[in-house]
Amino acid sequence: MPHRSSKFKHFSPKAMLEDLMDSPEVVQNVLTYFISWQNDVAKELRSAADPADTHRLQRIAHSLRGTLAQLHADTGAQLASALELTCKQATSVPPSLPNDLHDELVAVANEASIYLQASKH
């Protein structure tokens, strides 16, 4: 069962901390990198989604699935997995799937920013 903090709905900093040897500095570094990286990935996801480029979407979804799983961003990882699987199995992708993944990616990044701001104080 995933660890959840009542404050964070889209990822679990507590579970990340447990995974990363209880090092707040490592969690902060990972989240800082993620926030920067996700800006580019979110743009790439949007451009691959319209019109749907299934090969590109599959590659993006694969990368997001692993990254979001590391952040214990369960909903995002599940959406990425669903998009990756859909791209493997179908020639068309429902627009809602990449859109939902994009929205969840942004939500994770926003919460990660809030976490980083709070950890500075």
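Per an unreviewed UniProt entry, the protein carries the name Histidine phosphotransferase and comes from Parazoarcus communis.

A. Quick peek at the UniProt feature "domain: HPt" (unreviewed entry) in the protein. In the numbering used here, UniProt assigns the "domain: HPt" (unreviewed entry) feature to residues 23-119. In this annotation, residues 23-119 is assigned 86% helix and 0% strand; the end-to-end C-alpha distance for the span is 12 Å.

B. Highlighting the packing of aromatic side chains. Under the counting rule described, the total for this entry stands at 4 aromatic pairs. Ring plane angle 90° and centroid distance 6.3 Å describe the contact between F11 and Y115, whose orientation is recorded as edge-to-face. Placement of the pair is F11 in the segment before α1 (13-19) and Y115 in helix α5 (residues 96-120), with a sequence separation of 104 residues. For the pair F11 and Y115, a shared accessibility class is recorded, and that class is buried. An aromatic cluster of at least three residues, connected via ring pairs, comprises F8, F11 and Y115.

Conventions adopted
Residues numbered from 1 in each chain as written. Predicted model: local features only at pLDDT ≥ 70, side-chain atom pairs only at ≥ 80, totals over all residues. Heavy atoms only, no water. UniProt positions renumbered as here; feature names shortened; annotations may be inferred. Helix = DSSP H or I, 4+ residues; strand = E, 2+ residues; numbered from the N terminus. Phe/Tyr/Trp six-rings, centres within 6.5 Å; stacked < 30°, edge-to-face > 60°. Buried < 20%, exposed > 50% of the residue type's maximum accessible area, 1.4 Å probe, protein only.

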